[in-house]
Amino acid sequence: MTATPELSTPRSATPELFRSVFRRHAAGVAVITARGGDGSGGRPVGFTATSLNSVAAEPPLVSFGVGTSSSSWPVIAEAEYLGVHILGDHQEELAATFARSGADRFAPPTGWRTGPEGVPVLDGVLAWLVCRVVARVPAGDHRIVVAQAVVGDPAGAGRPLLYHQGRFNALRD
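Parameters and conventions
- Residues numbered from 1 in each chain as written.
- Predicted model: local features only at pLDDT ≥ 70, side-chain atom pairs only at ≥ 80, totals over all residues.
- Heavy atoms only, no water.
- Helix = DSSP H or I, 4+ residues; strand = E, 2+ residues; numbered from the N terminus.
- Rg over C-alpha atoms; globule rule 2.2 N^0.38 Å.
- Buried < 20%, exposed > 50% of the residue type's maximum accessible area, 1.4 Å probe, protein only.
- Contact = heavy atoms within 4.5 Å.
- Areas by Shrake-Rupley, 256 points an atom, 1.4 Å probe, with all protein chains shown as cover.
- Patch = residues over 30% accessible without salt bridge, like charges linked within 9 Å, V, L, I, M, F, W, Y side chains within 5 Å.
- Salt bridge = Lys/Arg side-chain N within 4 Å of Asp/Glu carboxyl O.
- Pairing = 2+ DSSP bridges.
- Core = buried A, V, L, I, M, F, W, Y, C linked by side-chain atoms within 4.5 Å.
- Phe/Tyr/Trp six-rings, centres within 6.5 Å; stacked < 30°, edge-to-face > 60°.

Chemist: Let's hear about the overall build of the protein: which residues, and what values?
Modeler: A count of helices and strands for the protein gives 3 helices and 12 strands. Taking 173 residues into account, the globule formula puts the C-alpha radius of gyration at 16 Å, and the protein, at 17 Å, falls close to it. Projected onto the principal axes, the alpha-carbon positions of the protein cover approximately 55 × 35 × 35 Å. Across the 173 residues of the protein, 37% fall into the buried class. Counting contacts in the protein only where the partners sit at least 6 residues apart, residues at least 24 apart contribute 61% of the total. About 10300 Å² of surface is accessible on the protein, with carbon and sulfur atoms providing 53% of the total.

Right, dumping it as structure tokens:
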């Protein structure tokens with residue numbers, strides 16, 4: 001039998017407590033992209049997401065959260081197709097660019113091309129999917145987007161980028 005350390009005094013679940021707890025949760029880093037619509041002046045949009053989840057294999061579904069105050073939300077709210085990109089540990093700066101408010105995320109040095117269904121596909125990622133949106137579920141100040149994969153490529157080289165304690169990190173053995 002191993003000893004269990006004493007628990008500290010529980011605190012009410014405030015936004016600060018919630019963020020503090022989830023800083024301890026290591027998450028993979030993804031970038032979500034969409035073809036620009038009228039709300040973006042036709043420019044593609046994208047953001048860094050650490051909330052990406054595999055939902056089901058049949059049909060192949062993913063989910064992620066997006067804040068409704070995000071500059072990407074107006075386009076994501078209307079997009080039929082989205083790009084989901086799994087970042088490698090060599091792409092910390094790319095993750096930071098897509099997380100930065102007001103950044104021109106698709107300007108050099110970001111490498112990308114127009115992929116299937118007109119979705120922006122980022123260069124050099126570990127894997128990517130183009131997905132068709134099937135649901136947008138209200139969740140507080142966010143929406144949970146559920147999307148079905150229609151095409152992708154898992155052939156990128158490298159190890160995944162992680163997010164933990166408010167920083168991007170590499171996976172260690």
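Chemist: How would you explain helix 3 (residues 92-99) if you had to name every residue and give the values?
Modeler: Those residues of helix 3 that sit buried are Leu 94, Ala 95, Ala 96, Thr 97 and Phe 98. Residues of helix 3 that are buried in the fold lie against strand 2 (30-34), strand 3 (45-49), strand 8 (120-122), strand 11 (161-164) and strand 12 (167-170).

Chemist: Give a detailed account of a nonpolar patch on the surface, specifying residues and quantitative values.
Modeler: Residues Phe 18, Val 21 and Phe 22 make up a contiguous nonpolar surface patch of about 320 Å² in total accessible area. Looking at the element boundaries, Val 21 is found in helix 1 (residues 15-23).

Chemist: Could you give an account of the sheet that holds strand 12, with specific residues and numbers?
Modeler: Strands belonging to one sheet form pairs held by backbone hydrogen bonds; the direction of such a pair is parallel or antiparallel. The strand order across the open sheet built from 3 strands is 1-11-12, with neighbouring strands paired in antiparallel fashion. Pairing within the sheet leaves two strands with one partner each, and these edge strands are strand 1 (27-28) and strand 12. Note: strand 11 against strand 12, 4 bridges, orientation antiparallel. Its bridge partner being in strand 12, Tyr 163 is matched across the sheet by Phe 168.

Chemist: Can you tell me about the nonpolar core, naming the residues and giving the values?
Modeler: Counting residues in each nonpolar core, the largest one holds 19 residues, and the members touching the most others are Ile 32, Ile 76 and Leu 82. Contributions of two or more residues to this core are made by strand 2, strand 3, strand 5 (60-67), helix 2 (73-76), strand 6 (81-86), strand 9 (127-139) and strand 10 (142-153). Setting aside residues no more than four positions away along its own chain, Leu 82 makes contact with Ile 32, Thr 33, Ala 34, Phe 64, Ile 76, Val 119, Leu 129, Val 130, Cys 131, Val 133 and Val 145. Leu 87, Ala 95, Phe 106 and Val 125 belong to the second-largest nonpolar core, a separate cluster that totals 17 residues.

Chemist: Describe in detail the packing of aromatic side chains, supporting the description with residues and values.
Modeler: Under the definition given, this model contains 5 aromatic pairs. Taking 5.9 Å as the distance between ring centres and 55° as the angle between the ring planes, the aromatic pair formed by Phe 47 and Phe 64 counts as tilted. Here Phe 47 is found in strand 3, whereas its partner Phe 64 is found in strand 5, with 17 residues between them in sequence. In this pair, the class of Phe 47 matches that of Phe 64, namely buried. On the basis of an interplanar angle of 75° and a centroid distance of 5.1 Å, the ring pair of Phe 106 and Trp 112 is categorised as edge-to-face. Overall, the relative accessible area of 7% leaves Phe 106 in the buried class.

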